[in-house]
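# Fold and contact review
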Amino acid sequence: ATMRKTRLREEAGRLLSTREVRREAYSVSKKGNLTYGELDGKDLCGVLSRFCDVGGEFWDLGSGTGQVSLFVALALDFDLCGGVEIQEKLHALALGSKAQVDDALLSTEAGKRWIDLKGDFTPTTFVCADVFDATEWHNASVVLANVLLFDDATLLRFEDLLLRRLRRGALIVTTAKFRSPHGGFTLLHAGLWCKASWTGGAQLAIYQQPLA
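The following paragraphs examine the structure supplied in this document. Only a predicted model underlies this, so the values are computations on that prediction, with no experimental measurement involved.

Each value, and the rule that gives it
- Residues numbered from 1 in each chain as written.
- Predicted model: local features only at pLDDT ≥ 70, side-chain atom pairs only at ≥ 80, totals over all residues.
- Heavy atoms only, no water.
- Helix = DSSP H or I, 4+ residues; strand = E, 2+ residues; numbered from the N terminus.
- Buried < 20%, exposed > 50% of the residue type's maximum accessible area, 1.4 Å probe, protein only.
- Contact = heavy atoms within 4.5 Å.
- Pairing = 2+ DSSP bridges.
- Right-handed = clockwise from strand over helix to strand, strands pointing away.
- Axes fitted to C-alpha atoms, helices over the stretch in contact; angles between N-to-C directions.
- Phe/Tyr/Trp six-rings, centres within 6.5 Å; stacked < 30°, edge-to-face > 60°.
- Expected span 1.5 Å × (residues − 1).
- Arc of directions from axis to C-beta.

When helices and strands are counted, the chain shows 7 helices and 7 strands. Secondary structure elements of the chain occur, N-terminal to C-terminal, as α-α-α-β-α-β-α-α-β-β-α-β-β-β. For the chain, the proportion of its 212 residues judged to be buried stands at 51%. Sequence separation of 24 or more characterises 72% of the internal contacts of the chain that already satisfy a separation of 6 or more.

Quick look at the structure:
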């Protein structure tokens, strides 16, 4: 099983044009007022497979070019992988990447190897919206929140949103320590290092939503 997971992550890396997409994303980001940055899909899948119960829905809140959600869909056994992104041009890159993966699965040697390993491609969906307005992610079993650049007020507002809207018992993988005064989240793991599109990578923490 461990060898299969490793091979799936390797084949997923071959199916995604992450480097080229990131170059486009940086170009788009320079023209806007938000900063682009994404975690490394292969590293993140290692964290998820080791520390999270894989299954149900995975949602990346602030999904950028969609590379993480697509990598997770290729490498792990979730029922659905989704992403919410507010910037229209980054969202368009995600849709383009999804189409490229769909084509690659049918027409490339890497795609054939992947199909032999995993079989069915986990469905993926991308939503262009503000995460505070979108509702599609509320039933997630695992959410990724790359919130390193949130100021304190926005982070507290985001934590409150999770407490109110995310399903009970769901896991939250985040790049920032929560500051919520509610005490509702349970910290399960901290200091989990993950490569990222920025130098130095990120330290991840995993929280659990209240069970009741």
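So much for the structure itself; the text now carries on.
Side-chain direction in a regular strand flips from residue to residue, so the side chains alternate between the two faces of the sheet. Of the two faces of strand β4 (residues 142–145), both are covered, the one formed by V142 and L144 as well as the one formed by V143 and A145. With 4 bridges joining them, strand β1 (residues 57–61) and β4 adopt parallel strand pairing. Bridged to D60 within β4 is L144. Pairing geometry for β4 and strand β5 (residues 171–174), over 4 bridges, is parallel. Directly across from A145, in β5, lies its bridge partner T174. Handedness of the β4-helix α7 (residues 152–165)-β5 crossover: right-handed.

Residue position: K42 is located in helix α3 (residues 41–51). Judged by relative accessible area, which is 40%, K42 ranks as partly exposed. Sequence spacing of K42 and R9 is 33 residues, and the spatial spacing of their C-alpha atoms is 5.9 Å. In this structure, K42 is in contact with R9, E10 and F71, ignoring residues within four places of it in sequence.

With that settled, consider the sheet that holds β1. Ordered in space as β3-β2-β1-β4-β5-β7-β6, the 7 strands form an open sheet in which the pairing is mixed. At either margin of the open sheet sits one strand with a lone partner, and together these are β3 (124–128) and β6 (186–194). The average angle at which neighbouring strand axes cross in this sheet is 15°, direction not considered. Along the sheet, α3 contacts β1, β4, β5, β6 and β7 (202–208); its crossing angle with β6, the most-contacted strand, is approximately 145°. On top of the sheet, helix α5 (residues 88–107) reaches β2 (80–85) and β3; it is set at about 165° to β3, its chief contact.

A few words on the packing of aromatic side chains. In the structure shown here, the tally under the stated rule is 6 aromatic pairs. The interplanar angle of 90° and the centroid separation of 5.8 Å between the aromatic rings of F150 and F158 together place this pair among those described as edge-to-face. Note on F178 and F185: the rings are 4.9 Å apart at their centroids and 55° apart in plane angle, and the pair reads as tilted. F185 shares its class with F178; the two are buried. Taken together, the ring pairs in this structure connect F132, F150 and F158 into an aromatic cluster.

Moving on to the environment of L187. When you line up the elements, L187 lands in strand β6. On a C-alpha basis, the gap between L187 and I206 in space is 6.2 Å, while along the polypeptide they are 19 residues apart. Excluding residues that lie within four positions of it along the chain, L187 makes contacts with A205, I206 and Y207.

We now examine α5. An α-helix turns once per 3.6 residues; consequently, residues spaced three or four apart project the same way. The end-to-end C-alpha separation of α5 is 29 Å, in line with the 28 Å expected for 20 residues at 1.5 Å each. Within the sequence span of α5, burial applies to L90, H91, L93, A94, S97, V101, A104 and L105. For α5, the angular spread of buried residues about the axis comes to 155°, placing them on one side. Relative to its buried face, α5 has exposed residues pointing more than 90 degrees away, namely E88, K89, D103, L106 and S107.

Attention now moves to the pairing of β5. Residues of β5 alternate between two faces, with L171 and V173 on one and I172 and T174 on the opposite face, all of them buried. Of the pairings in the sheet, the one linking β5 to β7 comprises 4 bridges and is antiparallel in character. Among the inter-strand pairings, L171 is bridged to a residue of β7, identified as Q208.

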